[in-house]
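Listed here are the chains, written in short residue letters.
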Amino acid sequence: MDFLFLPLNLILDLPNLDFRLWTLDVIVGTAGHIDHGKTALIKALTGVDADRLPEERQRGITIDIGFAELDLGDVRIGFVDVPGHEKFVKNMLAGAHGIDLVALVVAADEGVMPQTREHFEICRLLEIKTGIIVLTKIDLIDEELLELVKLDVSELVENSFLENAPVIAVSAKTGEGIEQLKSILSETAQKIPSRKNEIVARLPIDRSFSVKGFGAVSTGTLVAGEINETQELEILPLQKKVRVRALQTYGKPVKTAHAGQRTAVNLGGIEHAVIERGMVLCEANILRPTQIFDAEIEVLKAAKRALKSRQRVRLHIGTIEALARVQVLNEKSEIAPGEKDFVQLRLEIPVVTIPSERFILRSYSPQITIAGGRVLDAFAVKHRRKDIENVRKYLKDFIEAQNANDKAKQSKLFLENAGKYGLTFSDLQARTGWRSEILRMAIAENIEKKAAIKAENFYIARSPFENLKWKTLAEIENFHRKEPLARGILRETLREKIFSHFSLEIFKMTLSFLEKEGKIAAEKDVVRLASHNLELSAEEKILRERIEKIYKTAKLEVPTLENALIEAVQNTKFNKEQARKIFQLFLNSGEIVKVTEDFYFRKESVNNLTESVKEFASKTSDRLIDVASFKEIAGISRKYAIPLLEYFDRERITRRAGDKRLVL
Ligand SMILES: Nc1nc2c(ncn2[C@@H]2O[C@H](COP(=O)(O)OP(=O)(O)O)[C@@H](O)[C@H]2O)c(=O)[nH]1
Ligand SMILES: [Mg+2]
């Protein structure tokens, strides 16, 4: 029976009796060539045969990852035993993703073999920081040979994270060295940097099965965050909500599972059959699946050829394997063996990942490990060739911010990259995986430093926002140039021109910033430059009065516009075009109304006429008026009567009824 589930039937009855808060939880993974004694070593340490599949026991080889645990008092170890056979490296990778400490196992009678190298390289590329070297089967060799193997191994790990790792020789058969190995494990575990408490809960699933009477159970290493009993979680990329019915770590029921623990979760609200290895169990409504991300990778020195754009590879991230195409983000479109560079990976299936997560790339066929790297931007867009320089700069800055653990800078880079549309809080959280408090602090720092602004739900980086402000100003300026006499551009027109794809709030925000800076004046319906002043000079005022007088005197028998302008500028230093501009202002003010292209009337005269017409109608039984009566009331000829009646129709003062008009 499964180690995590021995007491499952007791979950409901047994209180959690484990109060050892000081206990260190460590995930130890084995690595090494097939038949070098990895599984036997774990059995010697724990008594558990991690080869749990019948086929594994029958054939005596490890096919899939297996698990066991060891309680050393102040340290609790969750072992992940991996298969050594080259055919099962895929399974090895599903186990290697979450380990804190690697035990590189080398059989003393064989020395370093191909999968010793491959597994070692994988651990190095995954940036596992801590490890020990275990030389097994020492009962089969003599002292002299042991020294040779030690040399062999030290050559392999030279200049790597294992360079100064403890080396211990053991025999699973005689038990020699096993107790010493336990104390070395315990000591080494203390040196492991603790997992940062900044990321939301994420558990890449490595197994899923059903337990009679309980339903779906998923297991895996909780790589970040906490999971609590009764909590709602989400399985991605299924995007299915599930509830935690019960939890186990180290074979015991617990209320909370912590990062760095092998964890089994009994899930409600889902059939176990739909859950597969590779899916991720995570805090609900935060992370999102992605199919295209930017990353930095290192191609192995031992790779036979350069990694090229368009190449199809196998991506191993978390517990999943996904096929992907590589786009190398450099001039040559390739990365030579031994070199580090930027790539974009376009996946054939969605995965869940966050920045700085490590992954391995293997060639499509034959299946050989060729590179490893870390995720930078998990939600990238396809890059055009001409953008590559900018993208490289963005990714370089991002790595710098990541290495300095500068969260404000990282979120700022995401915002800058998102440009003028900005990102919401939840967009940013999906991109970073940070817990809400951490993200809130990072954003607050950017707002404080004026590196970003907030508009409703959106955060926009300063430079795209400045750009938006600049475009808005340019549009208003342009309007003033074309319509010098208009008060300003209609608010709605401005919005449609520049902000049609934005939320209204961003439009308002832009105007309010420009207004605060004293650049514009936003009035009720129109927006104008603050400098756009319609005040007339003393001389212009005289011209305006002359125009006004012409229309006042003419009453309803107005001259054509042309003639009015000519008359207005007679014996002045103004020309007709200047008069036309002043006239336009007059028109804008509403004191004059346009009836035809040629005929304009004072509003007051038109209003008086309207009153007279209404009075006439009130005295009739049918409220009808004909052209003749209209001419008489207004005291005007047909030349004015017809355009004015048509104007009244347009203004809904009258409505045509045969050759008469109904007064409304
Ligand atoms: N003599 C001897 N045999 C061992 C020792 N450890 C493992 N073996 C044997 O080596 C074979 C492979 O061991 P196993 O643990 O399955 O190797 P793995 O493929 O690395 O997991 C088995 O037949 C084991 O019994 C050891 O310390 N001494
Ligand atoms: Mg094995």
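Keep in mind the model is a prediction, meaning the values are calculated, not measured.

1. What about the nonpolar core?
Nonpolar side chains in soluble globular proteins tend to be buried together. Residues Phe293, Ile297, Leu345, Phe359 and Leu361 are the most contacted members of the largest nonpolar core, which totals 62 residues. The residues contacting leucine 361, other than those within four sequence positions of it, are Ile297, Leu307, Val313, Arg314, Leu315, Leu345, Ile368, Thr369, Ile370, Ala371 and Gly372.

2. Comments concerning the site of ligand 1
Taken together, 15 residues are adjacent to ligand 1, and Asp35, Thr39, Ala40, Asp139 and Ala172 come closest. Side-chain polar atom of aspartate 139 to a nitrogen atom of ligand 1: 2.8 Å apart, as the coordinates give it. Relative to its unbound accessible area of 570 Å², ligand 1 is 75% covered by the protein chains. Taken together, the residues that form the shell around ligand 1 break down as 4 nonpolar, 6 polar and 5 charged.

3. Considering the pattern of salt bridges
As enumerated under the stated definition, the model contains 43 salt bridges in all. The partner of glutamate 466 in a salt bridge is lysine 469, with the nearest N and O atoms 3.2 Å apart. Taken together, the residues span about one helical turn, with glutamate 466 and lysine 469 both in helix H11 (residues 462-482) at a distance of 3 residues. Residue classification places glutamate 466 among the partly exposed residues on the basis of a relative accessible area of 33%. A salt bridge links glutamate 523 to arginine 528; the shortest N-O distance between them is 2.9 Å. Residues joined by salt bridges that share partners form a network here, namely Glu466, Lys469, Glu517 and Lys519.

4. Points about the pairing of strand E7 (residues 202-211)
Most of E7 is tucked away: 7 of the 10 residues are buried. Here 3 bridges tie E7 to strand E15 (residues 280-283), and the two strands are oriented antiparallel to one another. In the strand pairing of E15, proline 204 is matched with valine 280. The pairing of E7 with strand E8 (residues 215-221) spans 6 bridges and is antiparallel. Note that in E8 the partner of valine 211 across the bridge is glycine 215. Between E7 and E8, which pair antiparallel in sequence order, lie 3 residues; one of them, glycine 213, sits at a positive phi of approximately 85 degrees.

5. What about the coordination of the magnesium ion (ligand 2)?
Around the magnesium ion (ligand 2), the protein contributes the donor atoms Thr39 (OG1) and Thr62 (OG1), which lie 1.9 to 2.1 Å from the metal centre. Placement of the pair is threonine 39 in helix H1 (residues 38-46) and threonine 62 in the loop between helix H2 (54-59) and strand E2 (66-71), with a sequence separation of 23 residues.

6. Focus: the packing of aromatic side chains
A complete count under the given rule lists 13 aromatic pairs for this structure. Here the aromatic rings of phenylalanine 601 and tyrosine 640 are separated by 6.5 Å at their centres, their planes lie at 85 degrees, and the arrangement is edge-to-face. You can see phenylalanine 601 sitting in strand E31 (residues 600-602) and its partner tyrosine 640 sitting in helix H19 (residues 638-650), a full 39 residues away along the chain. Considering the side-chain rings of phenylalanine 630 and phenylalanine 648, the 5.9 Å spacing of their centres and the 80 degrees angle between planes classify their relative orientation as edge-to-face. Placement of the pair is phenylalanine 630 in helix H18 (residues 627-634) and phenylalanine 648 in helix H19, with a sequence separation of 18 residues. Residue phenylalanine 630 shares its accessibility class with phenylalanine 648, and that shared class is buried. Linked through ring pairs, Tyr421, Phe499, Phe502 and Phe507 together constitute an aromatic cluster.

7. So, the confidence of the model for the protein chain
When the pLDDT values of the protein chain are averaged, the result is 91; 97% of them are 70 or greater. Note on residues 1-20: pLDDT under 50 across the span, and 38 contacts to partners over four residues away in sequence or across chains.

8. As for the sheet that holds strand E24 (residues 423-424)
The 3 strands are arranged E24-E26-E25 in an open sheet whose pairing can be described as antiparallel. Edge positions in the open sheet fall to E24 and strand E25 (452-455), since each of these has one partner strand only. Where E25 and strand E26 (residues 458-461) come together, 4 bridges link them in antiparallel fashion. Among the inter-strand pairings, isoleucine 453 is bridged to a residue of E26, identified as isoleucine 460. Along the sheet, helix H13 (residues 504-516) makes contact with E25 and E26, crossing E25 at roughly 125 degrees.

9. Some remarks on the pairing of strand E4 (residues 101-107)
Counting buried residues in E4 gives 7 out of 7 residues, a clear majority hidden from the surface. The two faces of E4 match: Leu101, Ala103, Val105 and Ala107 on one face and Val102, Leu104 and Val106 on the other face are all buried. Two elements, strand E1 (residues 24-31) and E4, share 4 bridges in a ladder whose sense is parallel. Residue glycine 29 lies in a different strand from E4, and its bridge partner there is valine 102. Both E4 and strand E5 (residues 130-136) contribute to a ladder of 7 bridges, which runs parallel.

10. Describing unusual backbone geometry
Cis geometry is found at the peptide bond from leucine 236 to proline 237, where omega equals 0 degrees. You can see proline 237 is positioned in the loop between strand E10 (232-236) and strand E11 (240-249). Unusually for a residue other than glycine, tyrosine 250 sits at a positive phi of about 50 degrees. Within the element layout of this structure, tyrosine 250 appears in the loop between E11 and strand E12 (252-254). Positive phi, close to 80 degrees, is recorded for arginine 310, a residue that is not glycine. Topologically, arginine 310 is positioned in the loop between strand E17 (307-308) and strand E18 (312-317).

The rules behind the values
Residues numbered from 1 in each chain as written. Chains lettered and ligands numbered in written order. Predicted model: local features only at pLDDT ≥ 70, side-chain atom pairs only at ≥ 80, totals over all residues. Heavy atoms only, no water. Core = buried A, V, L, I, M, F, W, Y, C linked by side-chain atoms within 4.5 Å. Buried < 20%, exposed > 50% of the residue type's maximum accessible area, 1.4 Å probe, protein only. Contact = heavy atoms within 4.5 Å. Near = heavy atom within 4 Å. Polar contact = N/O pair within 3.5 Å; in protein donor to acceptor, adjacent residues only side chain to side chain. Areas by Shrake-Rupley, 256 points an atom, 1.4 Å probe, with all protein chains shown as cover. Nonpolar A, V, L, I, M, F, W, Y, C, P; charged D, E, K, R; others polar. Salt bridge = Lys/Arg side-chain N within 4 Å of Asp/Glu carboxyl O. Helix = DSSP H or I, 4+ residues; strand = E, 2+ residues; numbered from the N terminus. Pairing = 2+ DSSP bridges. Donors = N, O, S within 2.8 Å, 3.2 Å for Na, K, Ca; no water. Phe/Tyr/Trp six-rings, centres within 6.5 Å; stacked < 30°, edge-to-face > 60°. pLDDT = per-residue confidence, 0-100. Axes fitted to C-alpha atoms, helices over the stretch in contact; angles between N-to-C directions.

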